Amino acid sequence: MELIEKANQEALSRMLAADPVLIDVIPASEAIPNLKSHMILHAGPPVAWENMCGPMQGAIAGIAKFEGWADSLEDAFEKAAAGAFDFHPNHHFDAVGPMTGMTTISQPLMVVENRKFGNKAYCALNEGLGKVMRFGGNDDSVLERLAWLRDDFGPAFGKALRSGDGIPLKHLVARGLTMGDEMHQRNVACSGLILRELAPALARTSTDNEELAKILAFIGGNDQFFLNVAMAMGKAIMDPVRGIEGSSVVTAMCRNGTDFGIRVSGTGDQWFTAPVEMPEGLYFPGYTEADANPDMGDSTIVETIGLGGFAMGAAPAVAGFVGAGAASDAGNFTRTMSEITTGENPEWTIPAMDYLGVPTGIDIRMVLDTGLAPTINTGIAHKEPGVGQVGAGVVRAPMKCFEQALIAFAESVGVK
Amino acid sequence: MDNNKTADLISKPLNVVNIGLEGFANELKQQDVSTIHVDWSPPAGGDPKIADLLSKLGT
């Protein structure tokens, strides 16, 4: 249909015209004025407490204690079950969060502005690897790190960013792709590149050399530091694509550990959900598939913009890390995703694939026509609260989301 | 295909294009038959309602 083809070209052109810039780090209460006390934003589509998976409940207990809304983790569990907290998806507040995706009032959020369209998107800071809240970790070490991010790291990061004109992200990501990142399970290049941009500003704005050294070491020691930046960037790129009449392009994909949800441009902000699937991957020593939690997190926003599993060809090292086969197979994932997308991104190219642009603009019609579900690179959380990450793998978006979306989309364009 | 052409086909080395179920291609490859597999499945996994909508919406 001509209406759909034109609408999808408009969606693609808005994605390609985006100009995301990391401009600030500010408290969530300031970034999101509608975020109030006892409100907890989580990853994925809406989910009730009783239907949440173990790590999600564990993270909620931890963040409630962190915010002072509960005296202990046990108290937090009881209060959550009794309805003391309001749960909402990050996506309903211009935000995203990895894995459990906790966002509450006092946390520092990175701000990415899409200067082409004037919208902003937010994501919390990456906590590092090991036992962390995004994987359901909630002990004192996790909460102490969050307090340092809130009280020291976040304010210093924000001050450094405000001292300049922000960090443009489009070219930084383009360089990262040429250096082996796919921006979901491999962010080592972009984390280094952003540290190079940030370090002079941090040095100029810092008054405490020891604290500065701690901040630089924290970024430098975290290969996934850039993931949360890429996620805020993804949200900032996709939000202006929402609500284009007749467009069958996916504007969001996310998971809450229970359900997988997608949104489609032509059907506005309606969620289409289906039970989430188990990642297939490799496990850290001492853990197996039996320990794994189903797929979780808003991080699939990076696949929505053509990175992550869609850019696997740029990151052959990731194919091995997530158990997706040989390095030489990496390009096949990208070629396959080209069959379900509206176009390619000429600014985000993959040298090893003769500078092929990353597949961009997932079309629900193509997903169903080919039977090829979007490929997602993901971390794997332990299924019990409080343990953390146990592996990394690949997961497919459930076809049922796309089937429901197609039926609603067809109605939206008068097709029965 | 008439009988003569069928006879021609099986009297020469086969070059097979297999569409759909990969198991058929694997069996032929194990017998050293030149085979190319095409990874294909019916639109919408064979769901007639979704397939009908796809045909009307175009791709």
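Residues numbered from 1 in each chain as written. Chains lettered and ligands numbered in written order. Predicted model: local features only at pLDDT ≥ 70, side-chain atom pairs only at ≥ 80, totals over all residues. Heavy atoms only, no water.

### Examining the packing of aromatic side chains
Remark: the centre distance and the inter-plane angle together describe each pair of aromatic rings, the angle taken between the planes. Residues and elements named next belong to chain A. Selection criterion: A pair of aromatic rings is counted whenever rings of Phe, Tyr or Trp (Trp by its six-membered ring) have centres within 6.5 Å, and the orientation is called stacked for planes under 30 degrees apart, edge-to-face for over 60 and tilted otherwise. For the purposes of this entry, the term helix denotes a DSSP run of H or I that reaches at least four residues, the term strand denotes a run of E that reaches at least two, and both are numbered from the N terminus. Only protein chains enter the accessibility calculation, which uses a 1.4 Å probe. A residue is then buried if its area is under 20% of the maximum for its type, exposed if over 50%, and partly exposed in between.
The final tally for this structure, using the stated rule, is 9 aromatic pairs over all chains. Aromatic pair Trp 148 and Phe 218: ring centres 5.3 Å apart, planes at 70°, arrangement edge-to-face. A residue pair is termed long-range when its members are at least 10 positions apart, and Trp 148 in helix 5 (residues 140-162) and Phe 218 in helix 8 (residues 209-220) qualify at 70 residues. A centroid spacing of 6.1 Å and a plane angle of 70° characterise the contact between Phe 153 and Phe 225, whose relative ring orientation is edge-to-face. Within this pair, whereas Phe 153 is found in helix 5, its partner Phe 225 is found in helix 9 (residues 225-238), the two being separated by 72 residues in sequence. You'll find Phe 153 and Phe 225 in the same group, each marked buried. Taken together, the ring pairs connect Trp 148, Phe 153, Phe 157, Phe 218 and Phe 225 into an aromatic cluster.

### Topic: empty space enclosed by the protein
Residues and elements named next belong to chain A. Definition in use: Grid points spaced at 1 Å over the protein atoms alone were grouped into cavities, where a 1.4 Å probe fits but cannot get out, and pockets, open sets with protein on both sides within 12 Å along at least five of seven lines, with lining residues defined by an atom within 4 Å of a point. Grid points are joined across faces, edges and corners, and a volume is the space filled by probe spheres set on the points. For this classification, Asp, Glu, Lys and Arg are treated as charged, while Ala, Val, Leu, Ile, Met, Phe, Trp, Tyr, Cys and Pro are nonpolar and the rest, including Gly, are polar.
The final tally for this structure, using the stated rule, is 2 cavities of 30 Å³ or more. In this structure, the largest cavity encloses a volume near 160 Å³. Lining the largest cavity are 17 residues, and of these Met 102, Gln 107, Ala 124, Leu 125 and Glu 127 sit closest to its centre. Considered class by class, the residues forming the lining of the largest cavity number 9 nonpolar, 6 polar and 2 charged. Quantified by volume, the second largest cavity comes out at close to 60 Å³. Mapped onto the lining of the second largest cavity, the elements with two or more residues apiece are helix 1 (2-17) and strand 13 (341-350).

### Let's talk about the sheet that holds strand 11 (residues 280-283) of chain A
Adjacent strands of a sheet form backbone hydrogen bonds with each other and so pair up, either parallel or antiparallel. All names here are of chain A. The line we're drawing: The pairing criterion for strands is at least two bridges between them, as found by DSSP. In this description, a line fitted to the C-alpha atoms serves as the axis of each element, helices being fitted only across the stretch in contact, and the angle between N-to-C directions of two axes falls anywhere from 0 to 180 degrees.
Strand order in this open sheet of 3 strands is 11-16-15, and the pairing throughout is antiparallel. Among the strands making up the open sheet, the edge pair consists of strand 11 and strand 15 (375-381). Across the sheet, the mean angle from the axis of one strand to that of its neighbour is 20°, orientation sign disregarded. Where strand 15 and strand 16 (residues 389-396) come together, 7 bridges link them in antiparallel fashion. Its bridge partner being in strand 16, Ala 381 is matched across the sheet by Gln 389.

### Section: the domain arrangement of chain A
Residue and element names in this part refer to chain A. Test applied: Domain start and stop positions are those given by an automatic or database domain assignment. Throughout, a contact is declared for two residues whenever any of their heavy atoms are within 4.5 Å. The term buried area refers to how much accessible surface (probe radius 1.4 Å) is lost by two components on association, counted for both of them together. The salt bridge criterion pairs a side-chain nitrogen of Lys or Arg with a carboxyl oxygen of Asp or Glu, the two atoms within 4 Å.
If you check the domain split of chain A, you get domain 1 (19-233) and domain 2 (242-412). Taken over C-alpha atoms, the centre of domain 1 sits 21 Å from the centre of domain 2. Contacts between the two partners involve 45 residues from domain 1, matched on the other side by 52 residues from domain 2. For the domain 1 and domain 2 pair, buried surface summed over both sides reaches about 3,500 Å², with 65% attributable to carbon and sulfur atoms. Per-residue buried area on domain 1 facing domain 2 is highest for His 91, His 184 and Gln 185; these three make up 19% of the total on that side. Between the two partners, domain 1 and domain 2, sit 1 salt bridge. Linking Glu 347 and Lys 170 is a salt bridge whose minimum nitrogen-to-oxygen distance equals 3.1 Å.

### Here we look at the environment of Pro285(A)
Mapped onto the elements, Pro285(A) comes out in the loop between strand 11 and strand 12 (296-297). Taking the C-alpha atoms as reference, Pro285(A) lies 34 Å from Leu172(A); in sequence the two are 113 residues apart.

### Side note on the layout of surface pockets
Residue and element names in this part refer to chain A. As a volume, the largest pocket reaches approximately 340 Å³. For the largest pocket, the lining is made up of 22 residues, of which Leu 129, Gln 185, Gln 224, Phe 321 and Gln 389 are closest to its centre. Of all elements in the fold, only helix 11 (316-321) and strand 15 reach the threshold of two or more residues within the lining of the largest pocket. Looking at the lining of the largest pocket, the element that brings in the most residues is helix 11, giving 3 residues. For the lining of the largest pocket, the class distribution of residues is 10 nonpolar, 9 polar and 3 charged. Domain assignment of the residues forming the lining of the largest pocket places at least three in each of domain 1 (19-233) and domain 2 (242-412).

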